[in-house]
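# Survey of secondary and tertiary structure
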Amino acid sequence: VQLQASGGGLVQAGGSLSLSCTASGRPFNGVTIGWFRQAPSKEREFVAASKQYGGATFYADSVKGRFTISRDNARSTAYLQMNSLKPEDTAIYYCAAATRMINSAISYTQSYDDWGQGTLVTVSS
């Protein structure tokens, strides 16, 4: 699966931003999409995921209630709506894809086969 992430930018704390991840190469409905982020000098961390075949969505505790993952299978695109942004949300955001996934492994980078190039989100205080 080839992935293209977009939508990053600079936003003030408390603001909103929407990221997109467009996929190609496989039927999108059969792909689990995950969003991860990596801040400077930190490890890549799980943000949210949307399970394949209309399965559940998952969120990191740090973004629960503020971020929403969604997908449009007809457009082969997943979205990450980010509200009430905080300076600590500043990071490069990556989307990733997996064709096989179990719920217990959904937050691990090793569970994903393909990665997009990342898009930078900067939240100013």
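Further up the page is the structure itself.
Everything numeric here is computed off the predicted structure, so don't read it as measured data. Throughout this description, residue numbers start from 1 for each chain and increase along the sequence as written. Only residues with pLDDT of at least 70 get local features here, since the model is predicted, and only at 80 or more are side-chain atom pairs given and counted; chain-wide, interface and lining totals rely on the full set of residues. Side-chain measures were taken over the full set of non-hydrogen atoms in the model, leaving aside hydrogen atoms and water.

## What about the overall build of the protein?
Helix and strand assignments follow DSSP, with helices taken as H or I runs no shorter than four residues and strands as E runs no shorter than two, numbered in order from the N terminus. A tally of helices and strands in the protein yields zero helices and eleven strands. Seen in sequence order, the protein has helices and strands lined up from the N terminus as β-β-β-β-β-β-β-β-β-β-β. Taken over the C-alpha atoms alone, the protein extends approximately 40 × 30 × 25 Å along its principal axes. For every residue, the accessible area (1.4 Å probe, protein chains only) is compared with the maximum for its type, and the residue is labelled buried under 20%, exposed over 50%, or partly exposed between those bounds. Per-residue burial for the protein yields a buried fraction of 46% across its 125 residues. Pairs of residues are marked as contacts when any of their non-hydrogen atoms sit within 4.5 Å. The contacts of the protein with a sequence gap of at least 6 include a subset with a gap of at least 24, amounting to 59%. The Shrake-Rupley method, run with a 1.4 Å probe sphere, supplies the accessible areas, and residue values consider only the shown protein chains as cover. For the protein, the computed accessible surface area is about 6300 Å², with 47% contributed by carbon and sulfur atoms. The charged-residue count follows a simple rule in which Lys and Arg add positive charge and Asp and Glu add negative charge, with His and chain termini not counted at all. Each charge is placed at NZ for Lys, CZ for Arg, CG for Asp and CD for Glu. Here the protein holds 11 positive side-chain charges and 8 negative ones, and the gap between their average locations is 4 Å.

## Describing the environment of methionine 101
Mapped onto the elements of the fold, methionine 101 is located in the loop between β9 (91-98) and β10 (114-115). Along the chain, methionine 101 and tyrosine 112 lie eleven residues apart, while their C-alpha atoms are 8.2 Å from each other. The contacts of methionine 101, once residues within four sequence positions are left out, are Thr32, Lys51, Gln52, Ile106, Ser111 and Tyr112.

## Some points on the packing of aromatic side chains
In summary, the pairing rule links any two rings of Phe, Tyr or Trp, Trp by its six-membered ring, whose centres are within 6.5 Å, and it sorts them by plane angle into stacked for under 30 degrees, edge-to-face for over 60 and tilted for everything else. By the definition in use, this model includes four aromatic pairs. Arranged with centres 5.6 Å apart and planes meeting at 75°, the rings of phenylalanine 36 and phenylalanine 46 form a pair that is edge-to-face. On the criterion of sequence distance, the pair formed by phenylalanine 36 in strand β4 (residues 32-38) and phenylalanine 46 in strand β5 (residues 45-50) is long-range, its members being ten residues apart. On the accessibility criterion, phenylalanine 36 (0% relative accessible area) is buried.

## Considering the state of the cysteines
Any pair of cysteine sulfurs within 2.5 Å is marked as a disulfide. Here the structure, examined in full by the defined rule, presents one disulfide. Across a sulfur-sulfur distance of 2.2 Å, cysteine 21 and cysteine 95 are joined as a disulfide pair. One disulfide, between cysteine 21 and cysteine 95, carries an S-S torsion of 75° and so falls in the right-handed class. Taken as a pair, cysteine 21 in strand β3 (residues 17-24) and cysteine 95 in strand β9 lie far apart in primary sequence, 74 residues in all.

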